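An overview of the molecular structure
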Amino acid sequence: MFEILQNDIAPVFSILVLGFFMGRSKVVSRIEASAVNRIAFLILQPALIFPLINRADLSEFYFDAIALYGVAQSAVFLLTVLIASAVFKCSLVEAWLLGMATIFVNSLLYILPISSLIYGMEGNMPIKSIVIWDAAFTFAFFIITTDLLANQQKLSTDTVSRLAKNPVLIFILLGLFTNVFGIAAPEPLMVAFDFAGAGAAPLTLFAIGVILSEHPLKPTKKIAVFSTIKLLVMPAVVFTLLQFGDRPPVWDSMLLLNAAGPSGAMAFALAMLYNVRTETVAPVIIWTSVLTLISLAFLA
């Protein structure tokens, strides 16, 4: 366990830590980090997502496991939104993003690199399947619904136009379309995607670390509740649901590994984009990132 923590998890986590301390020491400013994050989001993440979806061999997927994972996400999301709205009196859009923070794991930029180091790119098919599920459906769902919730007073054709121009959504759809219809992208294009996509995880983690460094770390009751839901409830629900069905044990263990991962930084990114309160979302991401170091090493 210590070897996995030292050799595979800590090096990836260190990029987030580096950004955090460089932000705290004012070496890198929030404006600089935001620019880096924007470039990573608009250019590098689509370049990372498209090859994953385009090259995926869907025949190797156990869709029952993915479906059960999706059911777990739905149940935990609804529970979180209910608690945030009824108990903590959060606005609907803040409750929505807190719900996202408890179910949307940093799988693309954190769990996938870690599992690739441990199992190799060909040995972590279950993680790839959840990355594709989260990228193609979960993330797309939150991009669209958050935009709609944040712009309820000014819904118009501008909303559709804005979403239609989102590069992440565009490349998700292109990846799904080319995969389903067996269209192989030109090799030089895929080489360019692979080259650019390799920078998505470190740049995004670094930028998020810088931006999160501006937020206080003191845990409040609110932060503790939602961190607990992410750290304990989400993995417990996934573990329970995966008892149904028959599939290779590695699928159950690796989907549980993913469920135990830290909150995805995209909930924070969306909160910033739509001017939603980040006093709870940001610390939840920080605390879950720190507290999952040992649990991920144990489960891996």
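In what follows, the structure referred to is the one given above.
Presented here is a report on the structure given in the accompanying data block. Computed from a predicted structure; not experimentally measured. (Residues numbered from 1 in each chain as written. Predicted model: local features only at pLDDT ≥ 70, side-chain atom pairs only at ≥ 80, totals over all residues. Heavy atoms only, no water.)

Topic: the overall build of the protein chain
What counts here: Numbering of helices and strands runs from the N terminus, with a helix taken as a DSSP run of H or I at least four residues long and a strand as a DSSP run of E at least two residues long. Computation of the radius of gyration draws on C-alpha atoms, with the globule rule given as 2.2 Å multiplied by the number of residues to the power 0.38. Relative accessibility under 20% of the residue-type maximum defines a buried residue, over 50% an exposed one, and the middle range a partly exposed one, all with a 1.4 Å probe and only protein chains included. Note on contacts: a residue pair is in contact if any heavy atoms of the two residues lie within 4.5 Å. Here, Shrake-Rupley sampling with a 1.4 Å probe gives the accessible areas, and only protein chains in the shown set may cover a residue. In this count, Lys and Arg are taken as positive residues and Asp and Glu as negative ones, while His and the chain termini are left out. Positions of charges follow a simple convention, taking NZ of Lys, CZ of Arg, CG of Asp or CD of Glu.
Along the backbone of the protein chain there are 14 helices and zero strands. Secondary structure elements in the protein chain, listed N-terminal to C-terminal, are α-α-α-α-α-α-α-α-α-α-α-α-α-α. Against the globule reference of 19 Å for 300 residues, the protein chain gives a C-alpha radius of gyration of 18 Å, in line with a compact fold. The dimensions of the protein chain, computed from C-alpha atoms along their principal axes, are 45 × 45 × 40 Å. Considering the protein chain as a whole, with its 300 residues, one finds that 53% of them fall into the buried category. For the protein chain, long-range pairs separated by at least 24 residues make up 85% of all intrachain contacts whose partners lie at least 6 apart in sequence. When the accessible surface of the protein chain is summed, it comes to about 13,700 Å², and 71% of that surface belongs to carbon and sulfur atoms. Computing the positive centroid from 16 side-chain charges and the negative centroid from 17, the protein chain places the two 15 Å apart.

A short note on the packing of aromatic side chains
Convention followed: Centres within 6.5 Å are what make two rings of Phe, Tyr or Trp a pair, Trp counting through its six-membered ring; a difference in plane orientation under 30 degrees is then read as stacked, over 60 as edge-to-face, and the rest as tilted.
For the coordinates displayed, the defined rule picks out 16 aromatic pairs. With 5.1 Å between their ring centres and 35° between their planes, Trp133 and Phe137 make a pair best called tilted. Within this pair, Trp133 and its partner Phe137 are both found in helix H6 (residues 125-150), separated by four residues, close to a single helical turn. With relative accessibility at 26%, the residue Trp133 sits in the partly exposed group. A relative accessible area of 45% means that Phe137 is categorised as partly exposed. With a centroid separation of 5.9 Å and an interplanar angle of 90°, the aromatic rings of Phe171 and Phe193 are classed as edge-to-face.

Topic: helix H11 (residues 221-241)
Going by this rule: Each helix should span, by expectation, one fewer than its residue count multiplied by 1.5 Å.
In a regular helix each residue adds 1.5 Å, so 21 residues correspond to 30 Å; H11 covers 29 Å between its end C-alpha atoms and thus fits that length. Among all positions in H11, only Lys222, Ile223, Phe226, Ser227, Ile229, Lys230, Met234, Pro235, Val238 and Leu241 are buried.

Brief notes about empty space enclosed by the protein
Here is the rule we go by: Any residue with an atom within 4 Å of a point lines the site, the site being either a cavity, points on a 1 Å grid over the protein atoms alone where a 1.4 Å probe fits but cannot get out, or a pocket, an open set with protein on both sides within 12 Å along at least 5 of 7 lines. Grid points are joined across faces, edges and corners, and a volume is the space filled by probe spheres set on the points. As a working rule, the residues Ala, Val, Leu, Ile, Met, Phe, Trp, Tyr, Cys and Pro are called nonpolar, Asp, Glu, Lys and Arg charged, and the rest polar, with Gly in that last group.
Within this structure, the stated rule accounts for two cavities of 30 Å³ or more. Contributing to the lining of the second largest cavity are Leu16, Asn106, Tyr110, Leu205, Ile208, Pro262, Ser263, Ala265, Ile285 and Ser289. Elements supplying a minimum of two residues to the lining of the second largest cavity: helix H10 (200-212) and helix H14 (281-299). Of the residues assigned to the lining of the second largest cavity, the class counts are seven nonpolar, three polar and no charged.

Concerning H10
For H10, spanning 13 residues, the distance from its first C-alpha to its last is 18 Å, which sits close to the expected 18 Å at 1.5 Å a residue. Within H10, eleven of the 13 residues are buried, leaving the element largely enclosed by the surrounding structure.

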